[in-house]
Amino acid sequence: MARKLPMYKAISEAIAQEMERDENVFVMGEDIGAYGGIFGATSGLLEKFGPERVRDTPISESAFIGAALGAASKGMRPIVELMFVDFFGVAMDQIYNHIAKAYYMSGGQLKMPIVITTAIGGGYSDAAQHSQCLYGLFAHVPGLKIVIPSNSYDAKGLMISAIRDDNPVMYFFHKGLMGLGWMPSPPEATVEVPEEPYTVPIGEAKVVREGSDVTIVGVAKTVHEGIWAAEELEKEGISAEVIDLRSLVPLDKKTLLDSVKKTGRLVIADEDYRSYGMSGEIIATVVENGISLEAPPVRVAYPDVPVPYSRVLEKYVLPDKEKIINAVKRVI
Amino acid sequence: MEKVEEIPKETLLEIYKVMHKIRTYEETLAKWYYEGKTPRFDISAGPIPGELHLSSGQESAAVGVCLHLKPEDAVVGTHRAHHFAIAKGVDLKKMTAEIFGKATGLSGGKGGHMHLFDAYQNFSCSGIVGASFPQAVGVGIAAKLKGEDYVAVAVGGDGAANQGTFHEALNLAAIWKLPVIFVIEDNSWAISVPKDKSTAVSKNSERAAAYGIPGVSVDGTDVIAVYEVAKEAVERARRGEGPSLIEIKVYRLRGHFEGDPQHYRPKEDFELAKQKDPLLNFEKLLLEKGIATEEELNKIKEENVKEVQEAIDFAVNSPYPEPEEALKGVFAGGE
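Along every chain, residues carry numbers that run from 1 in the direction the sequence is written. Both sets of labels track the order of writing: A upward for chains, 1 upward for ligands. At least 70 in pLDDT is required for a residue's local features to be given in this predicted model, at least 80 for side-chain atom pairs to be given and counted, and no such filter applies to totals for whole chains, interfaces and linings, which use all residues. Only heavy atoms go into the side-chain values, all of them from the structure, while hydrogens and water stay out.

A. Quick look at the pattern of salt bridges. We define a salt bridge as a side-chain nitrogen of Lys or Arg found within 4 Å of a carboxyl oxygen belonging to Asp or Glu. Under the definition given, this model contains 38 salt bridges over all chains. Residue Lys321 of chain A is joined to Glu232 of chain A by a salt bridge in which the shortest nitrogen-to-oxygen separation is 3.8 Å. Placement of Lys321 of chain A in helix H12 (residues 321-331) and of Glu232 of chain A in helix H8 (residues 221-235) is noted, with a sequence separation of 89 residues between them. When the shortest N-O distance is used, the salt bridge between Glu247 of chain B and Lys195 of chain B registers 3.3 Å. Highlighted residues: Glu247 of chain B in strand E8 (residues 244-249) and Lys195 of chain B in the loop between strand E6 (193-194) and strand E7 (215-219), separated in sequence by 52 residues. Numbering of helices and strands starts at the N terminus; helices are DSSP runs of H or I of at least 4 residues and strands are runs of E of at least 2.

Have a look at this one:
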């Protein structure tokens, strides 16, 4: 039976159901126990499964993320949470040199069924060290799957897929979509979620709004901004198709290319930094596949500046509905 | 506080003044923080958006250490850094304007509450746990290479002492005999994780032994004890005798951040925090020992209230930055 759940509850429900199904699944991270995760993604798990399987860790990220590799090598399926993606620097070696490469380097001897979860996104003045997205940084490294849900249905299904996947999956949740009391979330992110376990395949994008004049591509929060932009544009007679990528790795090229072939115009809405990232990858994919566009594509991304604190400054650089509308008007 | 009689009265009153100023500032800021965030708490709303980590209850650590420092000495703080900023002498008006996101702030609104930088006072801080330790080591290297006698103070919480950076930095400072004072502010909580569940030894000061440097644990509810311990560490650093580790046991009067429901925290811990209030303890001591009269203290309090109010007024009345400023200042030497 479906009922509406906020994203944070959908994620914790997915983890709980997988922990019940498979005793090898366990969770580690800072404040994931009694607190239930700073963004609620592990709420209720400690009460259900106890401190052996739901382990609060010291602030020793290199150690507990590296430990996920060791546990995985012995058949466990760890889920590790590191609060904000901005904090990953200290544990990068374990992630990009070890977890990402172990399967390949070992010639397939070592599977790494690890889920690394973290919060992304800004918009509430938490400034340069607590507001980044950075998924492009991780998508760049071979061996890591990257998923980024935009609503609670996908959040649950993608989490179950991530846990069951034999590869390391980085699972990014946008703070502004979690449905927490203290951080407003668009109502569209809180949707009906079936009670029983189900999967959303990793690597399948979704056309969340059909249109014929332009393709707007986004993930997480920018999917909603894209839909709102499309609704406004419709009033002016412009028909925009909106794609929620849901996964950056693997990237669902077919859905992307089919849409761009149909519309002939492309706008990418990305809350990560503009250069060397997701938005460039999307354009490269389109160009490499020989699709000719009616107009040069436009990227609505974070300009290459650290996230400023002051509300007026952050609003100026954050991708939003208005910026997407302007971008669409440039390509039409 | 047995040494209190050996310290000049003016120093004692200065200690009181700065501690009280910090408390007044933090409690005033808290009121402003909740403006626009009630009845429904929305972290992005109001004149002070974003997270706010206040230091009420931990003033003694900042004051006890910083009163031995000169402007050229460096303090590298944490995400909870207002008390160290104030004790280090960071301009209160500019700091407040920064927290309000105004153009007149320390960084023109780009840094905010967790990223206060004051080059004149050699103060910096960040939102990344454990980042302070190696950075202070670098200041120590600079002092040594330049032949100067300034020192660096690295501040971290008890949670931060479990970061690799803490151990690496202690070792570096020790092998190179650098003028660094490592301060662990132990408030027993790494957000919701209690120290006894995160740290294998009961006192972080014991970890100094692993690096062959002095390690002292001191009761932060007694500001004079902190002051004395810090004095020795700073003097030792200035004499070129190398780093020290000071663990200061404090109590967090408020949540990890404002709005933190603290459902993980036992009632007794709140009670204990109230009993261990370093400001009230010190005030009581000054009066009981006849070091200061209530009148004298009231005068200090009034001055602090006035200064804090002026800082708030300055911040409130300052303009926001021009939005286009967001795109400037990524690189030195041009835009």
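B. Seen up close, the interface of chain A and chain B. The contact rule is simple, with two residues in contact once any of their heavy atoms fall within 4.5 Å. Each side of the interface is counted separately: chain A has 41 residues, and chain B has 50 residues. Note on terms: buried area is the combined drop in 1.4 Å-probe accessible area of two parts once they are placed together, counting the loss on both. A per-residue breakdown of the area chain A buries against chain B is headed by Tyr35, Ile59 and Tyr309 of chain A, which together make up 21% of the total. Where chain A packs against chain B, one counts 0 salt bridges. Any pair of nitrogen or oxygen atoms within 3.5 Å is treated as a polar contact; in protein, a donor-acceptor pairing is required on top of that, and neighbouring residues in sequence qualify only through side-chain atoms on both sides. Linking chain A with chain B are 15 residue pairs in polar contact (both at pLDDT 80 or more), by the criterion used here. Among the secondary structure elements, those contributing two or more residues to the side of chain A that touches chain B are strand E4 (77-84) and helix H11 (311-317) of chain A. Sort the elements by how many residues they give to the side of chain A that touches chain B and H11 of chain A lands first, with 5 residues. Note on residue categories: nonpolar means Ala, Val, Leu, Ile, Met, Phe, Trp, Tyr, Cys or Pro, charged means Asp, Glu, Lys or Arg, and polar means any other residue, Gly included. Here the side of chain A that touches chain B is composed, by residue class, of 26 nonpolar, 8 polar and 7 charged.

C. Broad picture of the sheet that holds E4 of chain A. Residue and element names in this part refer to chain A. With mixed pairing, 7 strands are arranged side by side in an open sheet as E3-E2-E4-E5-E7-E6-E12. Looking at the sheet topology across the chains shown, the edges are occupied by strand E3 (54-56) and strand E12 (247-249). Neighbouring strand axes in the sheet, compared pairwise and without regard to direction, differ in orientation by 20 degrees on average. Note: strand E2 (residues 25-29) against E3, 3 bridges, orientation parallel. Bridging from a neighbouring strand, Val27 pairs with Val54 of E3. Any two strands are treated as partners once DSSP identifies two or more bridges connecting them. Axis lines are fitted through C-alpha atoms, for helices just across the contact stretch, and the angle between N-to-C directions can take any value from 0 to 180 degrees.

D. Focus on the packing of aromatic side chains. Aromatic contacts are taken between Phe, Tyr and Trp rings whose centres are within 6.5 Å, Trp giving its six-membered ring; a plane angle under 30 degrees counts as stacked, one over 60 as edge-to-face, and the others as tilted. Using the criterion set out here, one finds 18 aromatic pairs over all chains in the structure. Measuring from centroid to centroid gives 6.3 Å for Trp182 of chain A and Phe257 of chain B, while their planes differ by 40 degrees, and the two rings are tilted. Separated into two different chains, Trp182 of chain A in the loop between strand E7 (169-174) and strand E8 (191-194) and Phe257 of chain B in the loop between E8 and helix H8 (267-275) make up a pair that spans both. Relative accessible area serves as the criterion here: at 7%, Phe257 of chain B is assigned to the buried category. One aromatic cluster is present, built from ring pairs that chain together Phe39, Phe84, Phe87, Phe173 and Trp182 of chain A together with Phe257 of chain B. For a Lys NZ or an Arg CZ to count as sitting over a ring, it must be within 6 Å of the ring centre and within 35 degrees of the ring normal. The cationic tip of Lys249 of chain B hangs over the ring face of Tyr251 of chain B; the distance from NZ or CZ to the ring centre is 5.0 Å. When the ring centre of Phe270 of chain B is taken as reference, the NZ or CZ atom of Arg265 of chain B above it lies at 4.8 Å. When accessible area is computed with a 1.4 Å probe and restricted to protein chains, residues below 20% of their type maximum are described as buried, those above 50% as exposed, and intermediate ones as partly exposed.

E. Representation of the nonpolar core in the model. Nonpolar cores were defined as sets of buried Ala, Val, Leu, Ile, Met, Phe, Trp, Tyr and Cys residues, with membership established by side-chain atoms within 4.5 Å. Membership of the largest hydrophobic core comes to 171 residues, with the highest contact counts inside it found for Phe88, Tyr135, Phe138 and Leu245 of chain A together with Phe84 and Phe282 of chain B. Ranked by residues supplied to this core, first place goes to helix H1 (residues 9-34) of chain B with 11 residues. The contacts of Leu245 of chain A, once residues within four sequence positions are left out, are Glu204, Ala205, Val217, Gly218, Val219, Leu251, Met278 and Ile282 of chain A. One finds Leu170, Leu178, Ile213 and Leu245 of chain B within the second-largest nonpolar core, a separate group that totals 22 residues.

Just distances and angles here, no functional claims.
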